Amino acid sequence: MRNQFNVDCHGSWDGTTMTLQEHFTYIGGANGQPTSRTWHFHKTGPQSWEGTAGDVIGVATGEQDGNAFHMTYVTELHTGASTHRVSVSDWMFREGPGVVINHTTISKLGVTLGDVQIAFVHD
């Protein structure tokens, strides 16, 4: 199955907390409803971060290295009447001013359930 969606993101930094608001809108025949997520990130070391969001179980952990950022977390994936606890691995790469490429892998018990590719472009 293939779904397409747009993501509108707005971020802010208050010197301690980075807040990122994501608004997802599905395109065409996708069965998803518009959804939102608000992240709150805190720097925990020179290249490490921790983040929380309403649908994240526990804490997301992230490491940055140059233009790359890798974050992992656990969430619940809703499919029809079922809910599945899944692991998420996000790799983000800054490709130039205002462009970030994101590759997400969703898995359960080590088995890949899906992949998502997103290009973030700052207008």
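The structure we're discussing is the one just above.
Residues numbered from 1 in each chain as written. Predicted model: local features only at pLDDT ≥ 70, side-chain atom pairs only at ≥ 80, totals over all residues. Heavy atoms only, no water.

## Describing the sheet that holds strand β9 (residues 111-121)
Move 1: Taken together, 9 strands build an open sheet; the order of strands is β1-β2-β3-β4-β5-β6-β7-β8-β9 and the sheet is antiparallel. Bordering the open sheet on either side are β1 (5-13) and β9, each of which pairs with just one other strand. Sheet twist, expressed as the mean angle between neighbouring strand axes with direction ignored, is 25 degrees.
Move 2: In this structure, strand β3 (residues 35-43) lies alongside strand β4 (residues 48-53), joined through 5 bridges in antiparallel fashion. From the neighbouring strand, H40 faces β4, where its bridge partner is T52. (Pairing = 2+ DSSP bridges. Helix = DSSP H or I, 4+ residues; strand = E, 2+ residues; numbered from the N terminus. Axes fitted to C-alpha atoms, helices over the stretch in contact; angles between N-to-C directions.)

## Describing the side chain of T17
Move 1: Summarising the element assignment, T17 is placed in strand β2 (residues 17-26).
Move 2: A distance of 2.9 Å separates a polar atom in the side chain of T17 from a polar atom in the side chain of H42.
Move 3: When near neighbours in sequence (up to four residues on either side) are disregarded, T17 contacts S12, H40, F41 and H42. (Polar contact = N/O pair within 3.5 Å; in protein donor to acceptor, adjacent residues only side chain to side chain. Contact = heavy atoms within 4.5 Å.)

## A closer look at the pairing of β1
Move 1: In this structure, β1 lies alongside β2, joined through 9 bridges in antiparallel fashion. For C9, the partnering residue across the bridge sits in β2 and is E22.
Move 2: Hairpin connection from β1 to β2: 3 residues lie between these consecutive antiparallel strands, with G15 at a positive phi of about 95 degrees.

## Here we look at the pairing of β9
Move 1: In this structure, strand β8 (residues 99-108) lies alongside β9, joined through 10 bridges in antiparallel fashion. For T104, the partnering residue across the bridge sits in β9 and is V116.

## Considering unusual backbone geometry
Move 1: Positioned with a positive phi, L109 is a non-glycine residue whose angle comes to about 55 degrees.
Move 2: For L109, a relative accessible area of 84% corresponds to the exposed category. (Buried < 20%, exposed > 50% of the residue type's maximum accessible area, 1.4 Å probe, protein only.)

## Side note on the environment of V7
Move 1: Residue placement: V7 occurs in strand β1.
Move 2: As a C-alpha pair, V7 and I118 span 111 residues in sequence and 8.7 Å in three-dimensional space.
Move 3: Apart from the residues within four sequence positions on either side, V7 is in contact with E22, H23, F24 and F120.

None of the figures reported here should be taken as evidence of function without further support.
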